[in-house]
Amino acid sequence: MKKWLAKLFLSLTGWKTQGPKPDIKSAVVIAATHTSNWDFPYMLAFAAMYDVDIHWMGKHSLFRPPMGWIMRAMGGMPIVRHRSGNVVAGMVEAFGENEELMLVVPVEGTRAEASHWKSGFYHIAHQAGVPILPSKLDWKTKTGGFGPPLEASGEVETDMNVLRAFYGEAEGRFPELQGPIRLQDESKL
């Protein structure tokens, strides 16, 4: 039923899948581009179309009553962004506790324009020993899907060049809010 609803939603809005279904059970899934609240229902629809059971990180305020239980049921994991707690360690621990986990991380950390991607996705993947799975919503071509998994080698600039090539000319719903595909200081990570 979920896949049928996703197919209907994507068809009615003119979107198509692009790329094969991921052949892995655990990964840090990059959510990009992220410039609109509409990215969320499309993310859920594409995950359903590809039969990928995702869990996603979201700001803690999304999980307050009355909607909190719905967000958790849809795979949400609350993150308190303003606290200095170690989100990376918590997510690495979640991978250790779950044999299968597809964790979606919004790399820009906001729908507003960001000067760089947050590096947490990279640290989580590297420390947990799971691949990075790029996923893309391209509003220009109305396509969405997954790219090939990337093992976080520790050579951050090299790995980021692979991601830059994958995302290429993809545009968010509001391209003026898209920041560059780079980490704050790739050479020092």
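Going by the structure above, here's the rest.
Residues numbered from 1 in each chain as written. Predicted model: local features only at pLDDT ≥ 70, side-chain atom pairs only at ≥ 80, totals over all residues. Heavy atoms only, no water.

Q: Quick rundown of the overall build of the protein? Include the residues and the values.
A: For the protein, the helix and strand inventory stands at 6 helices and 7 strands. Reading the secondary structure of the protein in the N-to-C direction produces α-β-β-α-β-α-β-α-β-α-β-β-α. What you see for the protein is a C-alpha radius of gyration of 16 Å, in line with the 16 Å of a compact globule of 189 residues. Principal-axis analysis of the C-alpha atoms gives the protein an extent of 45 × 40 × 30 Å. (Helix = DSSP H or I, 4+ residues; strand = E, 2+ residues; numbered from the N terminus. Rg over C-alpha atoms; globule rule 2.2 N^0.38 Å.)

Q: Give me the lowdown on the sheet that holds strand 1 (residues 16-17), citing residues and values where you can.
A: Spatial ordering of the open sheet is given by 1-7-6-2-5-3-4, a layout of 7 strands whose pairing is mixed. Either end of the sheet is taken by a strand with one partner, and the two such strands are strand 1 and strand 4 (76-79). As defined by bridge partners, strand 2 (residues 27-32) adjoins strand 6 (residues 132-138) across 5 bridges and the pair is classed as parallel. Bridge pairing links Val29 to Leu133 in strand 6. Of the strands in this sheet, strand 1, strand 3 (54-59), strand 5 (102-106), strand 6 and strand 7 (143-146) touch helix 2 (residues 39-49), which is tilted by about 165° from strand 3. Against the sheet, helix 4 (residues 87-97) engages strand 2, strand 3, strand 4 and strand 5, with an angle of about 155° to strand 4. (Pairing = 2+ DSSP bridges. Contact = heavy atoms within 4.5 Å. Axes fitted to C-alpha atoms, helices over the stretch in contact; angles between N-to-C directions.)

Q: I'd like a description of the pattern of salt bridges, backed by residues and values.
A: Scanning the entire structure with this criterion turns up 1 salt bridge. Ionic pairing is found between Asp51 and Lys3, a salt bridge with its closest N-O pair at 3.3 Å. Separated by 48 residues along the polypeptide, Asp51 in the loop between helix 2 and strand 3 and Lys3 in helix 1 (residues 2-12) bring together distant segments of the chain. Look at Asp51 and you get partly exposed, because its relative accessible area is 48%. (Salt bridge = Lys/Arg side-chain N within 4 Å of Asp/Glu carboxyl O. Buried < 20%, exposed > 50% of the residue type's maximum accessible area, 1.4 Å probe, protein only.)

Q: Go over the layout of surface pockets, please, and point to the residues and values.
A: Empty space within the second largest pocket amounts to approximately 270 Å³. Listing elements by their share of the lining of the second largest pocket, those giving two or more residues are helix 1, helix 2 and strand 3. (1 Å grid on protein atoms, 1.4 Å probe; cavity = no way out; pocket = protein on both sides within 12 Å on 5 of 7 lines; lining within 4 Å. Points joined across faces, edges and corners; volume = space filled by probe spheres on them.)

Q: Report on the packing of aromatic side chains, specifying residues and quantitative values.
A: Summed over all chains, the structure comprises 13 aromatic pairs. Judged by centre distance (6.5 Å) and plane angle (50°), the ring pair of Trp38 and Tyr42 falls under tilted. We classify Tyr42 as buried; its relative accessible area is 4%. Feature note: the residues Phe9, Trp15, Trp38, Tyr42, Phe46 and Trp139 constitute an aromatic cluster, connected by ring pairs. Sitting over the face of the ring of Phe166, Lys136 holds its NZ or CZ atom 4.4 Å from the ring centroid. (Phe/Tyr/Trp six-rings, centres within 6.5 Å; stacked < 30°, edge-to-face > 60°. Lys NZ or Arg CZ within 6 Å of the ring centre and 35° of its normal.)

Q: With reference to specific residues and values, describe the pairing of strand 5.
A: Put simply, side chains in a regular strand alternate between the two faces of the sheet. Counted residue by residue, strand 5 has 4 buried out of 5 residues, so it is predominantly covered. By the bridge criterion, 5 bridges tie strand 2 to strand 5 in an arrangement that is parallel. Each residue of the ladder has a partner; that of Val28, found in strand 5, is Leu103. Relative to strand 5, strand 3 is paired through 3 bridges, and the arrangement is parallel. Counterpart to Trp56 in the pairing with strand 5 is Val104.

Q: Just give me the short version of the nonpolar core, but keep the residues and values in it.
A: Core analysis: the largest hydrophobic core is formed by 29 residues, its most contacted members being Val28, Ile30, Trp117, Phe121 and Ile132. Counting only elements with at least two residues in this core, the list comes to strand 2, helix 4, strand 5, helix 5 (120-128) and helix 6 (156-167). The residues contacting Phe121, other than those within four sequence positions of it, are Val28, Ile30, Val105, Val107, Ile132, Met160, Leu163 and Leu183. (Core = buried A, V, L, I, M, F, W, Y, C linked by side-chain atoms within 4.5 Å.)

None of the figures reported here should be taken as evidence of function without further support.
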